[in-house]
Amino acid sequence: MKISYKSAASAAMFVLFSSAILTAGAQGKKPVPQLGKSTLKQVIDAMTLQEKSKLVVGMGFKMPGFPPPVKGKKAAAIDIGGFTLPPSDPEAYEIPEKVPGAAGRTHAIARLGIPSITVSDGPAGLRIEPKRPGSDKTYYATAFPVATLLASTWDTAMVKKVGVAFGNEVREYGVDILLAPALNIHRNPLGGRNFEYYSEDPLVAGSMTAAIVKGIQSNGVGTSIKHYAANNQETQRNSINAIVSERAMREIYLKGFSIAVKASQPWTVMSSYNKLNGTFTSQRHDLLTTILKDEWGFKGFVMTDWFGGKDAVAQMNAGNDLLMPGNPDQSDAIVAAVKDGKLSMAQLDANVERLLKIILKSPTFKGYKYSDAPDLEGHAKVARMAAADGMILLKNDGNALPASVGKRIAVFGNTSYNIIAGGTGSGDVNKAYTISLLQGLNNAGYKVQETLSKNYQDYLADAKMKQPKPKNFFDHPAPIPEMDVTSIAGTEAEGADEAVITIGRNAGEGADRKVENDYNLTPNEKELINNVSNAFHAKGKKVVVILNIGGVIEVASWRDAVDGILLAWQPGLEAGNAIADLISGKVNPSGRLATTFAMSYADEPTGKNFPGVPEKKPDHVIYEEGIYVGYRYFDAFKVKPAYEFGYGLSYTKFKFSDVKVSSPDFKGNISIKVTVTNTGDVAGKEVVQLYLAAPVKTIEKPEDELKAFAKTGLLAPGESQFMVFTLHASDLASFYTDKSAWIADAGEYKVKIGSSSRNIEKTVSFNLAKTMVTEKVHKALVPQQAINELKNK
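All values derive from a computational prediction rather than experimental measurement. (Residues numbered from 1 in each chain as written. Predicted model: local features only at pLDDT ≥ 70, side-chain atom pairs only at ≥ 80, totals over all residues. Heavy atoms only, no water.)

**Remarks on the overall build of the protein chain**
This is how the line gets drawn: The secondary structure listing takes helices from DSSP runs of H or I that are at least 4 residues long and strands from runs of E that are at least 2 residues long, numbered from the N terminus. Values of the radius of gyration come from C-alpha atoms, whereas the globule rule sets the reference at 2.2 Å times the count of residues to the power 0.38. Classification of residues uses two cut-offs on accessible area relative to the type maximum, computed with a 1.4 Å probe and protein chains only: under 20% is buried, over 50% is exposed, and between them is partly exposed. Whether two residues touch is decided by their heavy atoms; if any such pair falls within 4.5 Å, the residues are in contact. Surface exposure here means Shrake-Rupley accessible area, sampled with a 1.4 Å probe, where a residue is shielded only by the protein chains that are shown. Neither His nor the chain termini are counted; the positive set is Lys and Arg, and the negative set is Asp and Glu. For this purpose, a charge sits on NZ of Lys, CZ of Arg, CG of Asp or CD of Glu.
When helices and strands are counted, the protein chain shows 24 helices and 28 strands. Taking 2.2 N^0.38 as the reference for a compact globule, 793 residues should give roughly 28 Å; the C-alpha atoms of the protein chain span a radius of gyration of 27 Å, in line with that estimate. Across the 793 residues that make up the protein chain, the buried fraction comes to 61%. Looking at the protein chain alone, contacts between residues at least 24 apart form 78% of all its contacts between residues at least 6 apart. Of the roughly 30300 Å² of accessible surface on the protein chain, 52% is carried by carbon and sulfur atoms. Here the protein chain carries 91 positive and 82 negative side-chain charges, and the mean point of each set is 5 Å from the other.

**Notes on the pattern of salt bridges**
Let me state the cut-off plainly: One side-chain nitrogen of Lys or Arg within 4 Å of one carboxyl oxygen of Asp or Glu is enough to make a salt bridge.
Following the criterion strictly, the structure yields 37 salt bridges and no others. Close ionic contact of Lys752 with Asp704 constitutes a salt bridge, the shortest N to O distance being 3.9 Å. In this pair, Lys752 sits in strand S26 (residues 747–754) while Asp704 sits in the loop between strand S21 (687–693) and strand S22 (705–711), placing the two residues 48 residues apart along the sequence. For Lys752, a relative accessible area of 14% translates into the label buried. In this structure, the salt-bridge partner of Lys739 is Asp738, at a minimum N-O distance of 3.6 Å. Because the salt bridges share partners, they merge into one network encompassing Arg193, Glu196, Glu234, Arg237 and Glu509.

**Here's the deal with the sheet that holds strand S23 (residues 720–728)**
What counts here: A pair of strands is treated as paired once DSSP finds two or more bridges between them. Here an angle of 0 to 180 degrees is reported between the N-to-C directions of two axes, which are lines fitted to C-alpha atoms, with helices fitted over the stretch in contact.
Ordered by their spatial adjacency, three strands build an open sheet running S19-S20-S23, and the pairing between neighbours is antiparallel. Lying at the two open borders of the sheet, with one neighbouring strand each, are strand S19 (654–661) and S23. Neighbour-to-neighbour, the strand axes of this sheet turn through a mean angle of 20°, independent of strand direction.

**Things to note about the sheet that holds strand S7 (residues 241–243)**
Pairing within the open sheet is mixed, and its four strands lie in the order S10-S9-S7-S18. Single-partner strands in this sheet number two, and they are strand S10 (279–280) and strand S18 (620–622). Across two bridges, the pairing between S7 and strand S9 (residues 275–276) is parallel. Residue pairing across strands places Ala242 opposite Leu276, the latter belonging to S9.

**Considering the side chain of Asp518**
Mapping Asp518 onto the fold places it in helix H20 (residues 515–519). For Asp518, the residues in contact, after removing those within four places along its chain, are Arg505, Arg513 and Ile553.

**Thoughts on the nonpolar core**
What counts is decided by this rule: Grouping buried Ala, Val, Leu, Ile, Met, Phe, Trp, Tyr and Cys residues that are joined through side-chain atoms within 4.5 Å yields what is termed a nonpolar core.
Counting 82 residues, the largest nonpolar core has Phe412, Phe536, Leu547 and Phe597 as its most contacted members. Ranked by residues supplied to this core, first place goes to helix H22 (residues 575–584) with six residues. Ignoring any residue separated from it by four or fewer positions in sequence, one finds Phe412 in contact with Leu452, Tyr456, Val485, Glu492, Ala499, Val500, Ile501, Thr502, Leu528, Val532 and Phe536. Core analysis: the second largest hydrophobic core is formed by 77 residues, Val99, Leu183, Ala230 and Val302 among them.

**Some remarks on the packing of aromatic side chains**
Put simply, the rule reads: Note on aromatic contacts: the rings of Phe and Tyr and the six-membered ring of Trp form a pair at centre separations within 6.5 Å, being stacked when their planes are under 30 degrees apart, edge-to-face when over 60 apart, and tilted otherwise. Comment: the charge-over-ring label is applied if NZ (Lys) or CZ (Arg) is within 6 Å of the ring centre and within 35 degrees of the ring normal.
Evaluated as defined, the whole model comprises 20 aromatic pairs. Between the aromatic rings of Phe412 and Phe536, the centroid separation amounts to 6.1 Å while the plane-to-plane angle is 90°, which identifies the pairing as edge-to-face. In this pair, Phe412 is assigned in strand S13 (residues 408–412) and Phe536 in helix H21 (residues 523–538), connecting sequence segments 124 residues apart. On the basis of relative accessible area, Phe412 is assigned to the buried category, the value being 0%. What makes Phe536 buried here is its relative accessible area of 0%. Following the ring pairs from residue to residue traces out a cluster consisting of Trp154, Tyr631, Phe645, Tyr691 and Phe709. Here the guanidinium or amino end of Arg132 rests over the ring plane of Tyr139, the centre of that ring lying 3.5 Å away.

**Focus: the packing of helix H15 (residues 376–390) against H22**
Spelled out, the test is: Reported orientations rely on four angle classes, namely roughly parallel under 35 degrees, roughly antiparallel over 145, roughly perpendicular from 65 to 115, and oblique for the rest. Left-handed is the label given to a crossing in which the near helix is rotated counterclockwise from the far helix by less than a right angle, and right-handed is the label when the rotation is clockwise. Residues were grouped as follows: Ala, Val, Leu, Ile, Met, Phe, Trp, Tyr, Cys and Pro as nonpolar; Asp, Glu, Lys and Arg as charged; and all remaining residues, including Gly, as polar.
Remark: H15 packs on H22, axes separated minimally by 9 Å, with the N-to-C direction vectors making an angle of 45°. With respect to their mutual orientation, H15 and H22 come out oblique. When you trace H15 past H22, the crossing you get is right-handed. Of the residues in H22, those in contact with Arg384, Ala387 and Ala388 of H15 are Asn577, Ala578, Asp581 and Leu582. Classifying every residue of the contact of H15 with H22 gives four nonpolar, one polar and two charged.

**A look at unusual backbone geometry**
Residue His227 is reached from Lys226 by a cis peptide bond, and omega for that bond is -5°. Residue placement: His227 occurs in strand S6 (residues 222–228). For the peptide bond that leads from Met324 to Pro325, omega is 0°, which places it in the cis range. Mapped onto the elements, Pro325 comes out in the loop between helix H11 (312–318) and helix H12 (328–340). Phi angles above zero are rare outside glycine, and Ala230 is one such case at about 60°. Within the fold, Ala230 resides in the loop between S6 and S7.

**A word on the environment of Gly427**
Tracing the backbone through its elements, the reader meets Gly427 in the loop between helix H16 (414–417) and helix H17 (437–444). Look at Gly427 and you get buried, because its relative accessible area is 2%. Sequence separation of Gly427 and Arg127 is 300 residues, and the distance between their C-alpha atoms is 7.9 Å. Aside from chain neighbours lying at most four places away, what touches Gly427 is Pro123, Ala124, Phe195 and Glu196.

**Some details on the pairing of S26**
Among the eight residues of S26, six are classified as buried, and the element is accordingly described as predominantly covered. Sheet analysis places S21 next to S26, joined by five bridges and oriented antiparallel. Each residue of the ladder has a partner; that of Leu692, found in S26, is Val751. Pairing between S26 and strand S27 (residues 760–768): eight bridges, direction antiparallel. Each bridged residue has a counterpart across the sheet, and for Lys752 the counterpart in S27 is Thr763. Where S26 folds back onto S27 in an antiparallel hairpin, the turn is made up of five residues.

**What to know about helix H9 (residues 255–264)**
Each α-helix winds once per 3.6 residues, and so residues spaced three or four apart point in a common direction. Every buried residue of H9 is accounted for by Gly256, Phe257, Ser258, Ala260, Val261 and Ser264. Just downstream of H9, Gln265 is the residue with a positive phi angle, here 40°.

**Section: the packing of H17 against H22**
Contact pair H17 / H22: the axes reach a minimum separation of 7 Å and the direction vectors enclose 50°. When the axes of H17 and H22 are compared, the pair comes out oblique. Crossing angle aside, the handedness with which H17 passes H22 is right-handed. Between H17, through Leu437, Gly440, Leu441, Asn443 and Ala444, and H22, the contact on the second element is made entirely by Gly576, Asn577, Ile579, Ala580 and Ile583. Looking at side-chain class alone, the contact of H17 with H22 contains six nonpolar, four polar and no charged residues.

**Description of the environment of Ala478**
Along the chain, Ala478 turns up in the loop between helix H18 (450–466) and helix H19 (489–495). The exposure class assigned to Ala478 is exposed, which follows from its relative accessible area of 57%. Along the primary structure Ala478 and Gly630 are separated by 152 residues, whereas in three dimensions their C-alpha atoms are 29 Å apart.

**Quick word on the confidence of the model for the protein chain**
When pLDDT drops low, the exact placement of atoms in the prediction is not to be read closely. Worth spelling out the cut-off: For every residue, the pLDDT score states the predictor's confidence, bounded by 0 at the bottom and 100 at the top.
Per-residue pLDDT for the protein chain averages 94, and the proportion of residues at 70 or more is 94%. Note on residues 1–27: pLDDT under 50 across the span, and 23 contacts to partners over four residues away in sequence or across chains.

See below:
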């Protein structure tokens, strides 16, 4: 019989596994229990304490650019960008990687038939090494649109479709668990990893997470939803103490995780780096066990973020089942703690059992013969479709868009030529290509100003040559200043029919953004917009700005200077083609904001306390805004945003009609019906948003909260679609801290149907006759100090 192996690692595993069985048989001993053939209890009972301690601690991390540990000597800690990493397990270097570039592995226990499983980043595409020594074959992955763009589709079916494609690459490249998606709340627009996260609203965040998890896991691979919880900044992320009220945690920062866990059962949840009300999240039993596992019914296992937390034994006791990437000291500490009685064998066995249940489901355990050849071409089409579906038309004066194909366009802005597909750090993707805006316009049939384009390409090539090389994983070169077009703007306005300017922003792991020259435009960018707009408007020609950004920026001070603004976010590898699809009208914009654009940073409710105190090196941050995050703040406190939550324009118009509630009184659930009609001249999609205003009794409540949403199909001019939304008792409830309960207060509930939080088309109401406790929960996550939360007096 001929047997083939995908790698030396799997071959070695088979030899060890076979040897264990043959040896037991030859000696006439009772066969050793085998995972998948014996019960989990039998396998766990057969494990030694040392084997258990290795299984719950990862194999270690091969840090690029650093030598492996010397055999027989204790490995030294590694300093990277001022952050000290603990010593790695020598096995990480000694045992060949199944998937080079993957983020980590678990230990195999061959004699019990327990394989090593592989986990890999990242949120916008599988992050593995694209090239391998001794091979001409490439292992590129698709860079899908970032999470903020996917949320902007307001289309869970589309997001699930992305997940199906994404999961195929995870499976076909031999990975078992994807370390994604991430769903932390957009608490503050300067968050360095906001591009990885979906929204400021937990319903949107949780719904999008559930959709992509279902898509990915339909391939028989796992996900790890992260970062659980209150991980809303990069500044001092490994030590910052987030001080948050119980109500804000329950209603804002845990709600999305709850929705995702209950709707999709991700294989794993990743605990975050930060402390929460004084204790590292990976060491909080109430967070990881009481809430996640007991209240929500989570069936998978919890893993740490890489090098997260400080105390392996406390993590085990909290129900943090796997410590990643792992180091031998952690295993030693666990063994000692069991012997000393500081960690019970029952708790360790519970952690081991959760791991084994997921390992049983993994492609590696099932012997899946991965191809190393996913359908990258097909997935690029999905990425392009999703990108176009989530881009948002913010402004379109005088029908600046769509622009007729064949027009001559002057393409300005560095990022038009060096487009940003996605963010940096673990959210980056090793992709085969990225379509620039210039390429996308050419592919769509537009003519471009050739001399201008060549000037930009030469300028950027020269500037890149002068950029310093990154020092480490977290180091990225400063953006190249915008090219000065003062002397050529007039000439370009003579020769072109229209101007397009791209403004780019990038951020990522390890650092938050700044207000000046990041949230606000740089002086060069303002000058670029003014010079181009003045020159083209003098000739009666339009100017459109493309925002190729990962997070919110200030727009109010310059938007009047241009005719159109298209928010493209970071659209993945098909960026330029997707943008051109909207510019040409091939796709009608249907994206809507899932995060608010304020008039200025000073209007942000979290601006006064982000990223914490003391200012230079914060050790804690107090969430003084409480539940008033994003539109909940702007709407309740009557602060006018530049563009509100849910906002977005179309090339057509829609009308909402026949809005009706199924009953005047709430009895268990209630339905709201609405008809959406395309009253314009071209086909398009609309997003119907349902907000609820609850009666106020003894606690404050937001003016309105999103409780349901849906995107129509592609409606032809004159076509209508009938929609029904159902609200349940839990949708009416607010969290009462003093009662540790979700309570729906008696009184009138107003249902607001609209196309944004501020564009409400119709309001209907119903009554709840008697106050109702919808869920009683445990007292948990109690702050260790008083919080002076924002009040709407």
